[in-house]
Amino acid sequence: MTHHIKGQGRHQVTLLPEALDDFVTEDNPVRVVDIFVDGLQLDSLGFERVSAKQTGRPGYHPATMLKLYIYGYLNRIQSSRRLEKEAHRNVELMWLLERLTPDFKTIADFRKSNGKGIKNACRAFIDLCRQMQMFTDVVVAIDGSKFKAVNSKANNFTPQKAKDHIARVELSISNYLNKLDDADKSSEPDTSAELTATKLAWLKKRLGELQDIQQTVEQQPDKQLSLTDPDSRLMKTNNMNRQVCYNVQTAVDTKNHLIVAHEVTNTTDRGQLSYVTTLAQEAVGRENITVLADKGYYSRSDIKAVLDTGAVALVPKGDTSGADRKGIFNRSLFRYDREKDVYICPAGSELQNRFTAVEDGLELQMYFNNIACRDCTQRSKCTTSKRDPRRIRRWVHEAEMEDMQARLDALPQTAVIRKQTVEHPFGTIKMWMGATHLLTRRLKNVSTEINLHVLAYNLKRMISIWGTEGLASKLQEHWGWRI
């Protein structure tokens, strides 16, 4: 007889069967999921079939399906087929779902049909966090991250790619036609002629498909076409690689690292700052927030829109002038004097404000000095023009951009805080996803998938802050009258 701990017999019948609740400890996160979902007003959030019809076959309650999905995303189980398996063998899910076992089609259809409700449930959790005083002296970091779409690079076309494919197929057709001509001229029988003709027919068919794709690409507003997921786009990712993906924007609270707002887009970061800021302001219920972002978001009109909402923006400016490549003085070497409203050039001359013009929708003031430039000994280092003087353009609201830069210079740790805050949630969510792409297609469905990821992340973050029993107690205190 070995001296080891022995298990119970598999076929041993117990006199008093154990309750399923005995297998789930009080500090198990599934209890938080259960309390949170039971406290939601699912019908007002937009979930379908909350009030079931009295006729026909009964369906699963939306609360049951939402609990299943939140549990799955908390435990890195996002596939509907894997969730179906877990419902049959996972004791925690048996407790959470009260032994219900929906099939994978029902699970997948719930996510597809209840995008609005899932989005509002995600917002409801942020509202709950706000009521728990999690957002005080709000500073949020905004950034975007690329999430790989179902669409592969091979099924994404731009005008140049379509043109290159057509040229390659036309060359192959020409080569096969030459082979057929050589076979006709030869007196010896050629057994490969039939195979060559088959390949030629396939190439001609492929050429027609590519020509149709080329016409479709030219009709697209952004000159890009994805065949598998039409809403996905080819974008630059890390190390300047290119991938067909979606760009997920998030605003993360620097104090508790909660994702207060998010949005799925298929464009670049530029131009998204004011929109995500507005989402963050609505989520935390206040306008006077501070927004941190990297230089990819720097757009003067966009930053001005943020400032007009009452928020404070801290966005560094990148150098995109191209003056160094031309071998002339960079614009940064021209110093602005607010009192005189003039620019001082590197040679010490003053460039006066001459007139106002509108370029690319921006009202710009033009500064130059004809006489000083004409007689300047460093003219060749200042402008490539033979006659016209060097002109400096200044936006009419440039003073607000300069004030923002002064605030950035006074807070050198801003970039570090932004990176430490907003990069972590992206890394966590992608780790939960595994080395794979998004499971759904089209912008609407991808948004629902990201909503579930964000809800699971925020829920897990709150459990880390308060503890499972502490958060459960807070939820019961807030929603005790409903449950």
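Computed from a prediction, not measured in an experiment: that's the story for all the values here.

Procedures and definitions
- Residues numbered from 1 in each chain as written.
- Predicted model: local features only at pLDDT ≥ 70, side-chain atom pairs only at ≥ 80, totals over all residues.
- Heavy atoms only, no water.
- Phe/Tyr/Trp six-rings, centres within 6.5 Å; stacked < 30°, edge-to-face > 60°.
- Helix = DSSP H or I, 4+ residues; strand = E, 2+ residues; numbered from the N terminus.
- Lys NZ or Arg CZ within 6 Å of the ring centre and 35° of its normal.
- Buried < 20%, exposed > 50% of the residue type's maximum accessible area, 1.4 Å probe, protein only.
- Pairing = 2+ DSSP bridges.
- Axes fitted to C-alpha atoms, helices over the stretch in contact; angles between N-to-C directions.
- Salt bridge = Lys/Arg side-chain N within 4 Å of Asp/Glu carboxyl O.
- Contact = heavy atoms within 4.5 Å.
- Polar contact = N/O pair within 3.5 Å; in protein donor to acceptor, adjacent residues only side chain to side chain.
- Left-handed = near helix turned anticlockwise from the far one by under 90°.
- Nonpolar A, V, L, I, M, F, W, Y, C, P; charged D, E, K, R; others polar.
- Expected span 1.5 Å × (residues − 1).
- Arc of directions from axis to C-beta.
- Parallel < 35°, antiparallel > 145°, perpendicular 65-115°, else oblique.

K.L.:
Please clarify how the packing of aromatic side chains should be interpreted in this entry.
P.N.:
To describe a pair of aromatic rings, you give the distance between the ring centres and the angle between the ring planes. Applying the stated criterion across every chain, the model contains ten aromatic pairs. Judged by centre distance (5.1 Å) and plane angle (80°), the ring pair of Tyr343 and Tyr367 falls under edge-to-face. With a gap of 24 residues between them, Tyr343 in strand β10 (residues 342-344) and Tyr367 in strand β12 (residues 362-368) connect regions that are remote in the sequence. Site record: aromatic cluster; members linked through ring pairs are Phe47, Tyr69, Tyr73 and Phe110. We note Arg81 situated over the ring of Phe104; from NZ or CZ to the ring centre the distance is 3.8 Å. Note that Arg391 overlies the ring of Phe368, its terminal NZ or CZ placed 4.8 Å from the centroid.

K.L.:
How should unusual backbone geometry be read in this particular structure?
P.N.:
Despite not being glycine, Arg49 shows a phi value in the positive range, around 60°. Along the chain, the position of Arg49 falls in the loop between α2 (42-45) and α3 (62-74). Taking the relative accessible area as the measure of exposure, Arg49 reaches 72% and is therefore exposed. With a phi close to 60°, Arg76 is a non-glycine residue in the positive phi region. Position of Arg76 relative to the elements: it lies in the loop between α3 and α4 (80-89).

K.L.:
Any chance you could explain the sheet that holds strand β13 (residues 392-395) here in plain terms?
P.N.:
In a beta sheet, neighbouring strands are held together by backbone hydrogen bonds and run either parallel or antiparallel to one another. In space, the five strands of this open sheet follow the order β9-β10-β11-β12-β13, with antiparallel pairing throughout. Edge positions in the sheet fall to β9 (335-337) and β13, since each of these pairs with one other strand and no more. Here the strands of the sheet are splayed against their neighbours by 40° on average, with no regard to which way each runs. Here strand β11 (residues 350-359) runs beside β12; their pairing, made up of seven bridges, is antiparallel. Opposite Phe355, over in β12, you have Met366 as the bridge partner.

K.L.:
I keep staring at the pattern of salt bridges and nothing clicks. Help me out?
P.N.:
Where charged atoms from two side chains of opposite charge come close, those side chains can pair. All chains considered together, the criterion is met by 21 salt bridges. With its nearest N and O atoms 2.8 Å apart, the salt bridge here joins Arg89 to Glu86. In this pair, Arg89 and Glu86 are both assigned in helix α4, three residues apart and thus about one turn of the helix distant. For Arg89, a relative accessible area of 58% translates into the label exposed. Assessed through its relative accessible area of 12%, Glu86 is described here as buried.

K.L.:
Would you mind going over the environment of Asp231 with me for this structure?
P.N.:
Looking at the secondary structure, you find Asp231 in the loop between β3 (225-226) and β4 (233-236). Between the alpha carbons of Asp231 and Leu443 there is a distance of 5.9 Å; along the sequence they are 212 residues apart. Look past the residues within four positions of Asp231 in its chain and what remains in contact with it is Tyr246, Asn266, Arg442 and Leu443. One polar contact links Asp231 to Arg442, side chain to side chain, over a distance of 3.0 Å.

K.L.:
Sorry, what's going on with the packing of helix α1 (residues 29-38) against α3 here?
P.N.:
Two quantities define a packed helix pair, namely the angle between the helix axes and the distance between the axes. α3 packs onto α1 with a crossing angle of 145° between their chain directions and a minimal axis gap of 10 Å. The chirality of how α1 crosses α3 is right-handed. Contact with α1, carried on its side by Val30, Val33, Asp34, Phe36, Val37 and Asp38, involves Ala63, Leu66, Lys67, Ile70, Tyr71 and Leu74 of α3 and no other residues of that element. Class assignment for the residues of the contact of α1 with α3 results in nine nonpolar, no polar and three charged.

K.L.:
How do you make sense of helix α15 (residues 398-410) when you look at a structure like this?
P.N.:
The α-helix winds at 3.6 residues per turn, so residues separated by three or four positions along the chain end up facing the same way. If you check α15, its first and last C-alpha atoms are 19 Å apart, about what 13 residues at 1.5 Å a residue would give, namely 18 Å. Taken residue by residue, α15 has Glu398, Met401, Met404 and Leu408 as its buried positions. Viewed end-on, α15 has its buried residues packed into an arc of 115°, placing them on one side of the element. In this fold, the buried residues of α15 make contact with α11 (300-308), β8 (312-314), β13 and α16 (414-433).

K.L.:
Which parts of the structure should I look at to understand the pairing of strand β1 (residues 139-148)?
P.N.:
Along any regular strand the residues' side chains alternate between the sheet's two faces. Buried residues dominate β1, accounting for seven of its ten residues. The sheet contact formed by β1 and strand β7 (residues 290-292) spans three bridges and is parallel. In the sheet register, Ala141 faces β7, and the bridge partner there is Leu292.

K.L.:
Would you mind showing me how to read helix α7 (residues 115-131) here?
P.N.:
In this model α7 runs 25 Å from its N-terminal to its C-terminal C-alpha over 17 residues, within 8% of the 24 Å that 1.5 Å per residue would give. Along α7, the positions that sit buried rather than exposed are Gly115, Gly117, Ile118, Asn120, Ala121, Cys122, Ala124, Phe125, Ile126, Leu128 and Cys129. Immediately beyond the C-terminal end of α7, within one or two residues, lies Gln133, with a positive phi of roughly 65°.

K.L.:
I'm lost on the side chain of Ser80 in this one. Help?
P.N.:
In this structure, Ser80 sits in helix α4. Under the relative-accessibility criterion, Ser80 is labelled buried at 11%. What Ser80 contacts, discounting residues up to four positions off in sequence, is Tyr69, Phe104, Ile107 and Ala108.

K.L.:
Looking at this structure, I do not really get the pairing of strand β6 (residues 259-265). What am I missing?
P.N.:
When you tally the buried positions in β6, you get six out of seven residues, the bulk of the element. Relative to β6, strand β5 (residues 242-253) runs antiparallel, the two sharing six bridges. Each residue of the ladder has a partner; that of Asn247, found in β6, is Thr265. The antiparallel pairing of β5 with β6 creates a hairpin that spans five residues between the two strands, and His257 there sits at a positive phi of about 60°.

K.L.:
I'm lost on the packing of α1 against helix α18 (residues 468-479) in this one. Help?
P.N.:
Direction vectors running N to C along α1 and α18 enclose 15°, while the axes themselves pass 9 Å from each other. Here α18 runs roughly parallel to α1, going by the angle between their axes. For the pair α1 and α18, the crossing hand works out as left-handed. Residues Pro29, Val32, Ile35 and Phe36 of α1 touch α18, and the partners they reach there are Thr468, Leu471, Ala472, Leu475, Gln476 and Trp479.

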